Amino acid sequence: MTTDLTARLADVDARIADAARSAGRDPAEITRIVVTKFHAAPLIADLYELGVRDVGESRQQELSAKRDELSELADLTWHFVGQVQTKKARAVRASADVVHSLDRERLADALHLADPGGAALDVFLQVNLTDDPGRGGAAPDDVEPLATHVAANCPSLRVRGVMAVAPLTAAPAEAFARLAAAADAVRRVIPDATWMSAGMSGDFAEAIAAGATHLRIGTAITGPRPVHG
Ligand SMILES: *Cc1c(COP(=O)(O)O)cnc(C)c1O
């Protein structure tokens, strides 16, 4: 394993701890997910040796293949952070432990019906903080109705909180404040939905200040992603 990987992981973790302390928060309440998309499975094995237990992937086939290849790492938690096509809902449910990108009722229904009597699947409701409806995520005003729908109709899904990617065009702090408002709206429906998935390589300190409980950090830990098809 490379000393670079070890050093980058330690550096990011130190910056997470600093940001948490500055915000008056306990770093132990923050889950650092390493986003390993486009990297080969051995990188995940290296991260595992360094103590990483939460990894994130954005494509279903890639997640399923890596999970099979690394099946001996039984206590890894696999987070799905990418857009989910409804027709892939069954495969995502079969391969992910946590889904960060639930953004519409049809997808909620499909994820639920993929395994209605199975162990509860933890989900985040993704919020679109951009003006582009083509981006992933529900519009902020649609998040509370989505929470209501899932709570009423999808008993095998457990809504844990909200997720967003900060838009490139706005200050992260302003974007994450809007996400925190969406989180409040979800908690009016589901009071124990206390998680917030926010913060990437470039903005995790701002996300921590805004209350993020789950950080999705890729390149700052893994280094540049390989070119992909
Ligand atoms: C790739 C990705 C990340 C990680 O991005 P970095 O800038 O490499 O830290 C986080 N969240 C989502 C949804 C992603 O697709």
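For the structure given in this document, a descriptive report is provided here. (Residues numbered from 1 in each chain as written. Predicted model: local features only at pLDDT ≥ 70, side-chain atom pairs only at ≥ 80, totals over all residues. Heavy atoms only, no water.)

### Some thoughts on helix α3 (residues 60-69)
Among all positions in α3, only Gln60, Glu62, Leu63, Ser64 and Lys66 are buried. Next to the buried residues of α3 lie α2 (41-49), β2 (54-57), β3 (77-80) and α4 (89-95). (Buried < 20%, exposed > 50% of the residue type's maximum accessible area, 1.4 Å probe, protein only. Helix = DSSP H or I, 4+ residues; strand = E, 2+ residues; numbered from the N terminus. Contact = heavy atoms within 4.5 Å.)

### Structural notes on the pairing of strand β8 (residues 214-217)
Side-chain direction in a regular strand flips from residue to residue, so the side chains alternate between the two faces of the sheet. Both faces of β8 are covered, namely the face carrying His214 and Arg216 and the face carrying Leu215 and Ile217. Summarising the sheet, strand β1 (residues 31-35) and β8 pair through four bridges and their orientation is parallel. Across the sheet, residue Thr31 finds its bridge partner in β8, namely His214. (Pairing = 2+ DSSP bridges.)

### Examining the environment of Val123
Along the polypeptide, Val123 turns up in strand β5 (residues 121-126). Separated by 15 residues in sequence, Val123 and Ala108 have C-alpha atoms that sit 9.4 Å apart. Val123 has contacts with Val99, Leu102, Leu157, Arg158, Val159, Arg160 and Gly161, leaving out every residue within four places of it along the chain.

### A few points about the site of the ligand
The ligand sits among Val35, Lys37, Val81, Met163, Met200, Ser201, Arg216, Ile217, Gly218, Thr219 and Arg225. Between the ligand and Gly218 there is a distance of 2.8 Å, counted from an oxygen atom to a backbone nitrogen or oxygen. Contact with the protein chains removes 86% of the 380 Å² of surface that the ligand exposes when unbound. Comparing atom positions with the cavity grids shows the ligand to sit within the largest pocket. The residue makeup of the shell around the ligand, split by class, is five nonpolar, three polar and three charged. (Near = heavy atom within 4 Å. Polar contact = N/O pair within 3.5 Å; in protein donor to acceptor, adjacent residues only side chain to side chain. Areas by Shrake-Rupley, 256 points an atom, 1.4 Å probe, with all protein chains shown as cover. 1 Å grid on protein atoms, 1.4 Å probe; cavity = no way out; pocket = protein on both sides within 12 Å on 5 of 7 lines; lining within 4 Å. Sits in = over half its atoms within 2 Å of the grid points. Nonpolar A, V, L, I, M, F, W, Y, C, P; charged D, E, K, R; others polar.)

### Some points on the pattern of salt bridges
For the structure shown, the criterion picks out 15 salt bridges. Between Arg67 and Asp97 there is a salt bridge, and its shortest N-O distance comes to 3.2 Å. Of this pair, Arg67 sits in helix α3 while Asp97 is found in the loop between α4 and β4 (98-102), placing the two residues 30 residues apart along the sequence. Look at Arg67 and you get partly exposed, because its relative accessible area is 25%. Taking the relative accessible area as the measure of exposure, Asp97 reaches 28% and is therefore partly exposed. Where Glu144 meets Arg188, a salt bridge forms, and the shortest distance between an N and an O atom there is 3.2 Å. Highlighted residues: Glu144 in helix α6 (residues 140-153) and Arg188 in helix α7 (residues 172-189), separated in sequence by 44 residues. Residue classification places Arg188 among the exposed positions, given a relative accessible area of 61%. (Salt bridge = Lys/Arg side-chain N within 4 Å of Asp/Glu carboxyl O.)

### Here we look at the environment of Phe124
Considering the arrangement of structural elements, one finds Phe124 in strand β5. By relative accessible area, Phe124 is classed as buried at 0%. Sequence separation between Phe124 and Ala108 is 16 residues; the distance between their C-alpha atoms is 11 Å. Those residues in contact with Phe124 that sit more than four places away from it in its chain are Val98, Val99, His100, Ser101, Leu102, Gly161, Val162, Met163, Trp195, Met196, Ser197 and His214.

### Concerning the side chain of Asn128
Of note, Asn128 is situated in the loop between β5 and α6. A distance of 2.8 Å separates a polar atom in the side chain of Asn128 from a polar atom in the side chain of Thr130. In contact with Asn128, not counting residues within four places along its chain, are Pro133, Arg135, Gly136, Gly137, Ala138 and Pro140.

### Observations regarding the packing of aromatic side chains
Enumeration over the complete set of coordinates arrives at one aromatic pair. Each ring, one from Phe124 and one from Trp195, has its centre 5.8 Å from the other, and the planes form 40 degrees; the classification is tilted. Of this pair, Phe124 sits in strand β5 while Trp195 sits in strand β7 (residues 195-197), placing them 71 residues apart in sequence. With respect to class, Phe124 is no different from Trp195; both count as buried. Sitting above the plane of the Tyr48 ring, Arg53 keeps its charged end 3.5 Å from the centroid. The ring of Trp195 carries Arg160 above its face, with NZ or CZ at 3.9 Å from the centroid. (Phe/Tyr/Trp six-rings, centres within 6.5 Å; stacked < 30°, edge-to-face > 60°. Lys NZ or Arg CZ within 6 Å of the ring centre and 35° of its normal.)

### Here we look at helix α1 (residues 3-22)
For α1, with 20 residues, the first-to-last C-alpha span of 28 Å sits near the 28 Å given by 1.5 Å per residue. Here α1 has its buried residues at Leu5, Leu9, Val12, Ile16, Ala17, Ala19 and Ala20. The buried residues of α1 occupy one face: seen down the axis, they fall within an arc of 165 degrees. Of the residues in α1, the exposed ones pointing more than 90 degrees away from the buried face are Thr3, Arg21 and Ser22. Tucked into the core, α1 has its buried residues touching β1, α2, α8 (204-209), β8 and α9 (219-222). Once α1 ends, the next one or two residues include Gly24, with phi positive near 70 degrees. (Expected span 1.5 Å × (residues − 1). Arc of directions from axis to C-beta.)

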